[in-house]
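Structural overview
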Amino acid sequence: MRSVKQKFIPQKDYMDCGPACLAMVAASYGKDIGVQYIRDKSYLTRDGVSLMGITEAAEEIGFKSFAAEVDTSAISDEFLPCILHWNQNHFVVLYQVYRRFTSRKIYFKIADPAHGIISLSEEKFKKSWIVGDDKGVALFLRPTTAFYEKTLPKEETLSIKHLINYLTPFKKQMFWMMLLLLLGTLTTFVFPVLTQRLIDDGVSKKNLTIISYILLAQLVFFLGNIIFGVLRNWIALIVGTKINIKIISDFLKRLLALPIRFFDTKLMGDFNQRIQDHERIENFLTSQSLLTLFSIVTFSVFFAFLWFYDFRILVVYVSLTAISVFWSLFWMRKRRILDYFRFQQRIENQQSIYEIVDGVSEMKLNQFEDYKRKEWEEIQQRLFDINVRILKFEQVQTSGFEFINQLKNILVTFLAATFVVQGHMSLGALLSVSYIIGQMNSPVFQLISFFRSAQDAKLSLLRLSEVQNHPVEEQEQLILLFENKFGNNGSIKKGIDIKNISFQYEGPQSPFVLKDIDILIPEGKVTAIVGASGSGKTTLLKILLKFYEPILGDIIFGDINLKDISPTSLRKNCGVVMQDGYIFSDSIERNIATGDEIINYEKLEKAIDIANLNEFIKELPLGLKTRVGSKGNGISGGQKQRILIARAVYKDPHYIFLDEATSSLDAENEKIIHDKLQAFFKSKTVIIIAHRLSTVKKADQILVMKQGTIVETGNHRELVESRNEYFDLVKNQLELGN
């Protein structure tokens, strides 16, 4: 029987359970593969990964796979490890089936990427795995020769060196912080000497003058230490805040440079938790590192003091200190994995709260409040369970550490007291040793805090690496789509040539959303796309905007392949209204002008006129300066759509893409805006997705889509006369006769 290497790999994100399981199976066969690589190959979506997606990724890295519904009797050691579909919404790895010596019961050892490696009784195992007919879904994997021969990219992680670069602009401030720490450290070295002199030269000899001078000196050094600490804390706050802003700003800059596909697999909670990760990194950089550096200096100096007084005391102290440190580090390794689990539950928690607040209207309309509240309570219970596990570890770690520390203090004090009784040490030296022991405990505590902070920073770096190492959307070699590319008359002669493109969302075995689309969008004309919901109209538009790349085929803008065009440059030349267009929590004018730092009010007035917004804006208390709520809260669907239309018009782009842009408008507003848009459309290449006949019947070309393919092409009159798909759409809408 093959000895299975039981490595545990936690899921980094809420949807990462499948890729993490496959990474664990690969590791059991001796090959470490990054979770990010597997994620890319398993076609992860915001709903997670399917068994089909895991199978695709497994075969890509060299596994032969077989998925089946089986019962527990069909699972033997020769088929392990395998991946199980767990609780119908999760994946785990089954590593071992065994019997305990003390019981005849069968136990199953599984690795749950959200909880760790655990053993379950047969009853509990079946409760989570069995779906029906006493069977559950399992994916069996066997490595092929290709698995061992393939060289796969290693998962890169950010290093501490990357973070140190953030300290470079603050060299002067860091110097002052180090100087103040050094001065504060030096003042502490004076106290044991003053304490010994106070007892031996002052109290023992009954000399009040020496006692007064020594106590006055202690007060001066103590005040100096306070002042140094206050100044240091101010500098730390300023530097820490600026570094934190810079780190988060760079993170957001990198995040916003990633392709849309990256965001399709993430929940809001994922990003919130990653931003909070930066606070742990900033704390490690600005506070823990410097404090630990000088704690080591302090410890070293007091180490020399103890050696001076008696090396036997030093040996006892160092021995027990080493034991306490190793004790803490042992439990910190166990704490590490729990931090991942807490991260996952916090993502769920934040996502749940965000959904409750964002969907409060729909919840009230559909009496969904109690269900969502109970769902949130279940998340809190799971978070509580993880916090309890973390607390147990921390209590064992802290209690053991403090017990060993206190034992050390008692033994050292006993030794010193014994030496005083035997006449080998003065009473002042005893008090000085006691003071030194107290001062040396602080650096030890600081060292443990540093290790914990470094562990937190490392975990945060692992999570941030996914964003930092992900390829950005904008690449240097891409061509800028400048206006002069359109020729002297400002147009591309060929238009947009779509050549046999096909597209799938979830990998080669998933259904095609678009299939063999072959059409020319003529330059300077209006093209309308109609079809039933789910026919692929919006997906086609998103591909034209480079939100997604087609699986097969090419798209040519004029004489340039879409693959070679800069996405930023392309979108600068496109005015777009999407079905789910977003209204920002900002003023009306800023929602229309968006990226223009200096608003062109001439263009703004034209856009407002075409979108028929004048009357609406006049009624607002602050006019264009009126602030609207996030996602357009406080305004109607029609008003929101008119703002989106004005935004597209304001850009005065070469391309206009409208996806159900007037679906929420009343008939009067729709007709006014439609008539004004006709003049605006002149010399522009326009694509309109719509259901309403009034919107599409004047188009130069109408494309009829059905199940991801184009089934008809022509103008309104031609398509009605052909009496096929378009005719049926018109008939259903207008109730035309035969």
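Residues numbered from 1 in each chain as written. Predicted model: local features only at pLDDT ≥ 70, side-chain atom pairs only at ≥ 80, totals over all residues. Heavy atoms only, no water.

Quick look at the packing of helix α20 (residues 637–650) against helix α21 (residues 667–680) now. Where α20 contacts α21, the axes come no closer than 13 Å and their chain directions differ by 5 degrees. Judged on the interaxial angle alone, α21 and α20 are roughly parallel. Each of Arg642, Ile645 and Val649 in α20 lies in contact with α21, whose residues at this interface are Asn669, Ile673, Leu677 and Phe680. Taken together, the residues of the contact of α20 with α21 sort by class into 5 nonpolar, 1 polar and 1 charged. (Axes fitted to C-alpha atoms, helices over the stretch in contact; angles between N-to-C directions. Helix = DSSP H or I, 4+ residues; strand = E, 2+ residues; numbered from the N terminus. Parallel < 35°, antiparallel > 145°, perpendicular 65-115°, else oblique. Contact = heavy atoms within 4.5 Å. Nonpolar A, V, L, I, M, F, W, Y, C, P; charged D, E, K, R; others polar.)

Looking at the secondary structure, you find Arg647 in helix α20. Notably, Arg647 is buried but unbridged: the nearest opposite-charge side chain belongs to Asp586, and the N-O separation is 9.5 Å. (Buried < 20%, exposed > 50% of the residue type's maximum accessible area, 1.4 Å probe, protein only. Lys, Arg positive; Asp, Glu negative; His and termini not counted. Salt bridge = Lys/Arg side-chain N within 4 Å of Asp/Glu carboxyl O.)

Once that is clear, we can look at the packing of aromatic side chains. Two measures describe an aromatic ring pair: the distance that separates the ring centres and the angle between the ring planes. Evaluation of the coordinates by the stated rule reveals 16 aromatic pairs. One aromatic cluster is present, built from ring pairs that chain together Tyr29, Phe63, Phe147 and Tyr148. Lys515 extends its terminal NZ or CZ atom over the ring of Phe512, reaching a point 4.2 Å from the ring centre. (Phe/Tyr/Trp six-rings, centres within 6.5 Å; stacked < 30°, edge-to-face > 60°. Lys NZ or Arg CZ within 6 Å of the ring centre and 35° of its normal.)

Taking 1.5 Å of rise per residue, 14 residues should cover 20 Å, and α20 covers 20 Å from first to last C-alpha, within 8% of that figure. Among the 14 residues of α20, 12 are classified as buried, and the element is accordingly described as predominantly covered. Along α20, the positions that sit buried rather than exposed are Gly638, Gln639, Gln641, Arg642, Ile643, Leu644, Ile645, Ala646, Arg647, Ala648, Val649 and Tyr650. Structurally, α20 contributes buried residues whose contacts are with β12 (574–577), α17 (588–593), α18 (601–610), α19 (614–619) and α21. Phi turns positive one or two residues past the end of α20, at Asp652, with a value near 45 degrees. (Expected span 1.5 Å × (residues − 1).)

For the rest of this paragraph, the subject is unusual backbone geometry. At the junction of Leu80 and Pro81, the peptide bond is cis and its omega measures out at 0 degrees in the coordinates. Structurally, Pro81 can be placed in the loop between β1 (63–70) and β2 (82–86). One non-glycine residue, Gln88, lies in positive phi territory at about 65 degrees. By secondary structure assignment, the location of Gln88 is in the loop between β2 and β3 (90–99). Exposure remark for Gln88: the relative accessible area of 59% places this residue in the exposed category. Notably, Lys546 is not glycine yet its phi reads approximately 65 degrees, a positive angle.

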